[in-house]
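Analysis of the macromolecular model
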Amino acid sequence: MTTIDTVVIGAGHAGLAVSRLLTRAGRDHAVIDRGRIGESWRSARWDSLRLLSPNWMMRLPDWNYQGPDIDGFLPAGRFVRHLELYAESFGAPVVSGATVLELSAAGCGAYRLVTDRGTWRSRHVVIATGPGVPRVPAGLREVVTAATYRNPAQLAPGGVLVIGASASGVQIADELNRAGREVYLSVGRHTRVPRSYRGKDVFWWLERTGRLARTIDEVRDPASARREPSMQLAGRAGELDLVTLQADGVRLLGRFDGMDGSRARFRPDLAETAAAADVRMYRLLDSFDDSREGRPPALVPPTIPSSVDLHRAGISTVLVATGYRPEYPWLQLPITGPDGQIQQVRGISAAPGVYVVGQRFQHRRDSAFIDGARHDAAYVVQHLLACRAEPAA
């Protein structure tokens, strides 16, 4: 067993941000990951994926984007290299290929972290893992998820039903449609924003108006804010939303409501759901300025069927891109809520010395973004450093 002051679980951008701040403070620690640095960007993303936020937003502690395309969108593979260079810049103590099996209390204010590559005993633990995997709706079998999808050639010939119209769902539906597939898109609650508004990227506006810095204490319904779907965007210039997908031939459907044999059922709620998303988008644009220039048109919903027979429609693949849920099967501490999320206040859990970084709307609206994790990492490390420095005996 290795005794150490702090263990960070996860070597993605959030975990590395914490590691950089601990290194700067001279605090002994290790960063544990089931794979390599940025593993989820390597093994749980499709081939053509680019970051949704512009390169100028890749701000980590003591590390910014230094390339030539400051307003571009980095491909996932190049972002992994960005993280690798970041880790190399300060000698991050990353232990790769160590799957976490158990995190439990070890007595005397310490914690025991068991992995398939050894066991650590530490006084502090920072959990910086990803969002989990998409939840497969009841009644579906043999589906592809957004985490296992790579490219159109991977799928069996034929049409595709994509369930979920947030960032992953609309991007994958668009890619499949461009590849010549017949695509049906089942739409639930979603967040529509323009990629560009009056010549500036939407993230420029979100930062300029302070929306990204808004804290969970400032919202009326924190639980709803933390469930807000990811924005309908793609990492490229140009709009990608239900309006553009419908114009390009993607068939829009209501929320998926189950299966009857080979027949998929859908709720008759597309018009209502899309209208609500458009209202929220226009309200957001109103907060940017009072201009009506360059505003995206509202969706004119099509007449949609209440069900589709997958066999008769030639649909050979159902792809699930919704319902991401946290997964902590190894967590043996009473710090999760009914939704499976780790309960925390500004990253501090009810277990003394156990922290979390990278949760959706953890404290600021941008907490789960690459750019936003640095704020939560700084607060967590500041709190951690104020605790006793010596490792648990």
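Residues numbered from 1 in each chain as written. Predicted model: local features only at pLDDT ≥ 70, side-chain atom pairs only at ≥ 80, totals over all residues. Heavy atoms only, no water.

**With respect to the overall build of the chain**
Here is the rule we go by: Helical segments are the DSSP runs of H or I of at least four residues, strand segments are the runs of E of at least two, and each set is numbered from the N terminus. With C-alpha atoms as the basis for the radius of gyration, the globule rule is written as 2.2 Å multiplied by the number of residues raised to the power 0.38. Throughout this description, buried means an accessible area under 20% of the type-specific maximum (1.4 Å probe, protein chains only), exposed means over 50%, and partly exposed covers the range between. Throughout, the Shrake-Rupley method with a 1.4 Å probe supplies accessible areas, and for residues the shown protein chains are the sole cover considered.
Counting its secondary structure elements, the chain contains nine helices and 19 strands. Against the 2.2 N^0.38 benchmark of 21 Å for 393 residues, the chain shows a C-alpha radius of gyration of 22 Å, consistent with a compact globule. Principal-axis analysis of the C-alpha atoms gives the chain an extent of 65 × 50 × 40 Å. Taken across its 393 residues, the chain has 52% of its residues classed as buried. With an accessible surface of roughly 17,400 Å², the chain has 50% of that area assigned to carbon and sulfur atoms.

**Focus on the layout of surface pockets**
Heads up, the condition is: With a 1 Å grid spanning the protein atoms alone, the term cavity applies to any set of points in which a 1.4 Å probe fits but cannot get out, the term pocket to an open set with protein on both sides within 12 Å along at least five of seven lines, and the term lining residue to any residue with an atom within 4 Å of a point. Grid points are joined across faces, edges and corners, and a volume is the space filled by probe spheres set on the points. Residue polarity follows a fixed list, in which Ala, Val, Leu, Ile, Met, Phe, Trp, Tyr, Cys and Pro are nonpolar, Asp, Glu, Lys and Arg are charged, and the others, Gly among them, are polar.
If you add up the space inside the second largest pocket, you get close to 210 Å³. Around the second largest pocket, the lining is made up of 14 residues, and of these Arg 141, Glu 142, Leu 310, Ser 316 and Val 318 lie nearest the centre. No other element matches strand β18 (residues 315-320), which puts four residues into the lining of the second largest pocket. Split into classes, the residues belonging to the lining of the second largest pocket amount to seven nonpolar, five polar and two charged.

**Some thoughts on the environment of Gly 158**
Our working definition: Contact definition: two residues touch when any of their heavy atoms are within 4.5 Å.
Mapped onto the secondary structure, Gly 158 falls in the loop between β7 (144-145) and β8 (159-163). Along the primary structure Gly 158 and Gly 314 are separated by 156 residues, whereas in three dimensions their C-alpha atoms are 5.8 Å apart. Setting aside chain neighbours within four positions, we find Gly 158 in contact with Arg 181, Gly 314 and Ser 316.

**Overview of helix α9 (residues 373-385)**
The condition is simple: A helix is expected to span 1.5 Å multiplied by its residue count minus one. What the arc covers is the set of directions going from the helix axis to the C-beta atoms.
Taking 1.5 Å per residue, 13 residues should reach 18 Å; α9 reaches 18 Å between its end C-alpha atoms and fits that length. Those residues of α9 that sit buried are Ala 373, Asp 376, Ala 377, Val 380, Val 381 and Leu 384. Looking down the long axis of α9, one finds its buried residues gathered within 130° of arc, a one-sided arrangement. Along its buried surface, α9 packs onto β1 (2-9), α1 (13-24), β6 (118-127) and β19 (354-356).

**Some details on the sheet that holds strand β17 (residues 307-309)**
Using the following cut-off: Pairing between strands is defined by DSSP: at least two bridges between them are needed. Angles here are taken between N-to-C directions and fall from 0 to 180 degrees, while the axes themselves are lines fitted to C-alpha atoms, restricted in helices to the stretch in contact.
With respect to topology, three strands assemble into an open sheet ordered β15-β16-β17, the strand pairing being antiparallel. On the outer flanks of this sheet lie β15 (256-260) and β17, each paired with one strand and no other. Taken over all neighbouring pairs, the strand axes of this sheet differ in orientation by 20° on average, direction set aside. Sheet analysis places β15 next to strand β16 (residues 263-266), joined by four bridges and oriented antiparallel. When the bridges of β16 are listed, Asp 260 appears paired with Arg 263.

**Overview of unusual backbone geometry**
For Asp 62, which is not glycine, the phi torsion reads 65° and is therefore positive. Relative to the helices and strands, Asp 62 resides in the loop between α2 (39-43) and α3 (76-90). Relative accessible area serves as the criterion here: at 47%, Asp 62 is assigned to the partly exposed category. The phi angle at Arg 198 is positive, at roughly 50°, despite the residue not being glycine. The topology assignment puts Arg 198 in the loop between β11 (196-197) and β12 (200-201). Owing to a relative accessible area of 44%, Arg 198 belongs among the partly exposed residues under this scheme.

**Overview of the packing of α1 against α3**
The line we're drawing: Under this scheme an angle from 65 to 115 degrees is roughly perpendicular, one under 35 degrees roughly parallel, and one over 145 degrees roughly antiparallel; angles in between are oblique. In a left-handed crossing the near helix is turned counterclockwise from the far helix by less than a right angle, and in a right-handed crossing that turn is clockwise.
Interaxial distance between α1 and α3 falls to 10 Å at its minimum, and their mutual angle equals 15°. What the angle tells us is that α1 and α3 run roughly parallel. Both α1 and α3 take part in a crossing whose hand is left-handed. Note on element contacts: α3 touches α1 through Phe 79, Leu 83, Tyr 86, Ala 87 and Phe 90, opposite His 13, Leu 16, Ala 17, Ser 19, Arg 20 and Thr 23. Split into classes, the residues belonging to the contact of α1 with α3 amount to seven nonpolar, three polar and one charged.

**Notes on the pattern of salt bridges**
Operational definition: Here, a salt bridge means any side-chain nitrogen of Lys or Arg that lies within 4 Å of a carboxyl oxygen of Asp or Glu.
By the definition in use, this model includes 25 salt bridges. Here Glu 84 and Arg 42 are joined by a salt bridge, their closest N and O atoms 2.6 Å apart. In this pair, Glu 84 sits in helix α3 while Arg 42 sits in helix α2, placing the two residues 42 residues apart along the sequence. A relative accessible area of 26% places Arg 42 in the partly exposed class. Asp 286 is the partner of Arg 292 in a salt bridge, and the nearest nitrogen-oxygen pair spans 3.3 Å. Through salt bridges with shared partners, a single ionic network connects Arg 42, Arg 81, Glu 84 and Glu 88.

**Considering the confidence of the model for the chain**
Going by this rule: On a range of 0 to 100, pLDDT expresses the predictor's confidence in each residue.
Averaged over every residue, the pLDDT of the chain is 94; residues scoring 70 or more account for 98%. A low-confidence stretch, residues 389-393 (pLDDT under 50), is modelled with 14 contacts involving residues beyond four sequence positions or located in other chains.

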